[in-house]
Amino acid sequence: MEKKTLQYDVVIIGGGAAGLTAGIYCGRAKLKTLIIEKTLVGGLATYTNEIENYPGFPEGATGLGLMDLFHKQAKKFGVDFKLTDVRSVSLEGYIKKVETFRNIFEAKAVIIASGGKPRLTGAKNEELYLYDKGISFCATCDAAANTGKTVMVIGSGDAAIEEGMFLTKFADKVIVSVMHENGKMDCNEIAKAQALANPKMEFMWNTVVDSFEGDERLGTVVLKNVKTEEKIPVTVDSCFLFIGYLPNTEIFKGMLDMNRGGYLITNERMETNVPGVYAVGDVRDKFLKQVATAVGDGAVAGYGAEKYLSECEIYEQQIMNEGKPSLVYIYNAVDADSRELLSVFKEFEQGHKNIRVSCIDIYKSDGLAKRLGVSNGPCAVWIKDCKIQEKIDSKITKELIESICK
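Right, let's walk through the structure included here. Predicted model, so just to flag it, every value in this text is computed and none were measured.

### So, a nonpolar patch on the surface
On the surface, Leu-40, Tyr-47 and Leu-64 cluster together into a nonpolar patch covering about 260 Å² of accessible area. Relative to the assigned elements, Tyr-47 resides in the loop between β2 (33-37) and α2 (63-76). Exposure remark for Tyr-47: the relative accessible area of 33% places this residue in the partly exposed category.

Written as structure tokens, this is what we have:
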């Protein structure tokens, strides 16, 4: 089957809170934008019954309801949606390609918001009780819904123990299943001591999950003692899994910088190591994974993508000047010496009508300077036939400029 090729300004991979926010920003900037989501628009947040820590909703909101508002707002600004899976990507070069089963989408900028998935136990019946049916992965999201109840936590790492202690603020009892010997945990010693001293926390050592049981909703977690093989049924209202998280980054391996866990590495602008490619939300290496922080990521990347595309246009049409002679002066507006040289370039421009002169202020944005391989100003760059011929980054004079622009 021959795939159809379609062009966009921006393609966003993933339609969770981060991807939707990025789409809202791009759509509002009049960029032709596509969001590709393989399962459910809204991502993992749609499985959360109650979100009480997202600003602007004093009475709280359901995850599905909140994400539906995000979705409607993105559509209002003309964002297109495709419910399909991304098979492969090609991110190098000016035009990036995102390939699905039926189409190849070409774009100048790509925002990766593919999120991640919690690591599961693999126990029997687990898939029947995920998310809103009793198995949760976010204490911050679902703790309040378990006020006065009995909950189980699976895991003994920092996240498991710290989230377990947070749950004790709401639940009457927090039972922690630990696969290690009595008193041994994977968390830091301070958290361990606090947890062991917490009267609401009960530990079941040398245990792993054998199965999850219940009717429409989880009611029992059957644990197995790893030494004796004994099966131990435990009645609970909910179960929280904190045994790790797996980012959806497999198709980006070898293209984008990642940490050991597979999370994408970005700077504060959400930029990856490839120009024009951004990463947002749970897929990137970050301190806190919440809807609120995902929205912040998406806003930064959406704004950044708009600026990147604007700079692409300036770079191709003005800086490269369609192959005709071009002189670029890169300066910093807050530097007095840089500002004084502006008059030299203006004077040069008046005497050389056949050469386009562009003055780029890196105080506002250093994107164009980076494309020219310049990190600091002042610097003069002489371009001809769409190629950099020479750079001057010290002792710039009128005479020196005249000598290189030939």
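Anyway, onward from the coordinates.
### Quick notes on helix α4 (residues 158-167)
Taken together, the buried positions of α4 are occupied by Ala-160, Ile-161, Gly-164, Met-165 and Leu-167. Buried residues in α4, looked at end-on, bunch into an arc of 155°, giving them a common side. Against the buried residues of α4 lie α3 (139-142), β9 (150-154), β10 (173-177), α5 (189-197), β11 (201-204) and β15 (238-241).

### Things to note about the pairing of strand β6 (residues 103-112)
When you tally the buried positions in β6, you get 8 out of 10 residues, the bulk of the element. Judged from the 4 bridges that link them, strand β5 (residues 96-100) and β6 form a sheet pairing that is antiparallel. If you follow Glu-99 over to β6, its bridge partner there is Ile-104. Hairpin connection between β5 and β6: a loop of 2 residues separates the two successive antiparallel strands. As paired elements, β6 and strand β17 (residues 277-279) share 3 bridges and run parallel to each other. Paired with Ile-111 across the bridge in β17 is Tyr-278.

### Comments concerning the sheet that holds strand β12 (residues 207-214)
Spatially, 3 strands are ordered β12-β13-β14 in an open sheet, and the strand pairing comes out antiparallel. The strands lining the two open edges of the sheet, one partner per strand, are β12 and β14 (231-235). Going across the sheet, the axis of each strand differs from the next one's by a mean of 30°, ignoring polarity. When strand β13 (residues 218-225) meets β14, the two strands line up antiparallel, connected through 5 bridges. Its bridge partner being in β14, Thr-220 is matched across the sheet by Thr-235.

### Considering the pattern of salt bridges
Evaluation of the coordinates by the stated rule reveals 14 salt bridges. Across the salt bridge formed by Glu-202 and Lys-173, the nearest N and O atoms sit 3.6 Å from each other. Of the two residues, Glu-202 sits in strand β11 while Lys-173 sits in strand β10, which places them 29 residues apart along the sequence. We classify Glu-202 as partly exposed; its relative accessible area is 33%. For Asp-210, the salt bridge identified is with Lys-231, shortest N-O distance 3.7 Å. Residue Asp-210 is found in strand β12, and its partner Lys-231 is found in strand β14; the two are separated by 21 residues along the sequence. Several salt bridges converge on common partners, so that one network encompasses Lys-124, Asp-210 and Lys-231.

### Points about helix α1 (residues 17-28)
For α1, with 12 residues, the first-to-last C-alpha span of 17 Å sits near the 16 Å given by 1.5 Å per residue. Summarising burial for α1: 10 of the 12 residues are buried, a large majority. Burial in α1 covers these residues: Ala-17, Ala-18, Gly-19, Leu-20, Thr-21, Ala-22, Gly-23, Ile-24, Cys-26 and Gly-27. Once α1 ends, the next one or two residues include Lys-30, with phi positive near 70°.

### Comments concerning the sheet that holds strand β18 (residues 326-331)
Reading across from one edge, β19-β18-β20-β21 is the order of the 4 strands in this open sheet, with mixed pairing throughout. Single-partner strands in this sheet number two, and they are β19 (356-361) and β21 (387-392). Averaged over all neighbouring strand pairs, the angle between strand axes comes to 20°, with direction disregarded. Note that strand β20 (residues 379-384) and β21 share 5 bridges and pair antiparallel.

Rules behind the numbers
- Residues numbered from 1 in each chain as written.
- Predicted model: local features only at pLDDT ≥ 70, side-chain atom pairs only at ≥ 80, totals over all residues.
- Heavy atoms only, no water.
- Patch = residues over 30% accessible without salt bridge, like charges linked within 9 Å, V, L, I, M, F, W, Y side chains within 5 Å.
- Areas by Shrake-Rupley, 256 points an atom, 1.4 Å probe, with all protein chains shown as cover.
- Salt bridge = Lys/Arg side-chain N within 4 Å of Asp/Glu carboxyl O.
- Helix = DSSP H or I, 4+ residues; strand = E, 2+ residues; numbered from the N terminus.
- Buried < 20%, exposed > 50% of the residue type's maximum accessible area, 1.4 Å probe, protein only.
- Arc of directions from axis to C-beta.
- Contact = heavy atoms within 4.5 Å.
- Pairing = 2+ DSSP bridges.
- Axes fitted to C-alpha atoms, helices over the stretch in contact; angles between N-to-C directions.
- Expected span 1.5 Å × (residues − 1).

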